[in-house]
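Observations on the three-dimensional arrangement
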Amino acid sequence: LLSKVNSIGLGRILSSDRNIFLKLEIDGRVKLFSYYYSERSPDMNDVSAGTVTRGHTYTVERYVLQKEDGELKRPRELTFRKDMADYFSDCTQLAEKILNKEFNRNDLRAIVNYYNSKCKE
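Here's what I pulled together on the structure shown here. Note that the structure is predicted; figures quoted are calculated from it, not measured.

1. Quick word on the environment of Arg40
Take Arg40: it is sitting in strand 3 (residues 30-40). Given the relative accessible area of 49%, Arg40 is considered partly exposed. In this structure Arg40 touches Arg54, Gly55, His56, Thr57 and Tyr58, once residues within four positions along its chain are discounted.

2. Some remarks on the environment of Lys97
Looking at where Lys97 falls in the secondary structure, it is placed in helix 2 (residues 92-99). Residues Lys97 and Leu1, 96 residues apart in the sequence, show an inter-C-alpha distance of 31 Å. If near-sequence neighbours (up to four positions away) are discounted, Lys97 is found in contact with Glu102, Phe103 and Tyr114.

3. Observations concerning unusual backbone geometry
You will see that Glu68, though not glycine, has its phi angle at about 50°, which is positive. You can see Glu68 is positioned in the loop between strand 6 (57-67) and strand 7 (72-73). Classification of Glu68 by relative accessible area gives partly exposed; the value is 44%. Despite not being glycine, Lys101 has its phi angle at roughly 65°, a positive value. Tracing the sequence through the fold places Lys101 in the loop between helix 2 and helix 3 (108-118).

4. Here we look at the packing of aromatic side chains
One pass over the full model with this rule turns up three aromatic pairs. Considering the side-chain rings of Tyr87 and Phe88, the 5.0 Å spacing of their centres and the 80° angle between planes classify their relative orientation as edge-to-face. Judged by relative accessible area, which is 15%, Tyr87 ranks as buried. Overall, the relative accessible area of 0% leaves Phe88 in the buried class. Between Phe88 and Tyr115, the aromatic rings sit 5.2 Å apart at their centres with planes inclined by 45°, giving tilted as the arrangement. Of this pair, Phe88 sits in the loop between helix 1 (80-87) and helix 2 while Tyr115 sits in helix 3, placing them 27 residues apart in sequence. As far as the burial class goes, Phe88 and Tyr115 line up, both buried.

Calculation rules
- Residues numbered from 1 in each chain as written.
- Predicted model: local features only at pLDDT ≥ 70, side-chain atom pairs only at ≥ 80, totals over all residues.
- Heavy atoms only, no water.
- Helix = DSSP H or I, 4+ residues; strand = E, 2+ residues; numbered from the N terminus.
- Buried < 20%, exposed > 50% of the residue type's maximum accessible area, 1.4 Å probe, protein only.
- Contact = heavy atoms within 4.5 Å.
- Phe/Tyr/Trp six-rings, centres within 6.5 Å; stacked < 30°, edge-to-face > 60°.

Here it is as structure tokens:
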């Protein structure tokens, strides 16, 4: 795990932590990091039975990108194609593949590998 300055607001909302720990998944001109955090599902009330089922805690994994030693980038979920096409606009072939749906949000590892192997400086 690597400690990075939390410039993108990951983690707990009220946390005063300035740094976050990221797991390096792919190293290259673009680095792919994993970030893990815990979420809790809400409690469920069954009024007719008079019972409360407690929510449970689960771990969520998100990805973070970094070009060279630049700023961290968290891919947007709802506008993934446009966001990633803009981010990788210096490699027009990759940007086109993203916009043409050859790559989607589940292909982030493949996107980073493509950039690192086929896109020139």
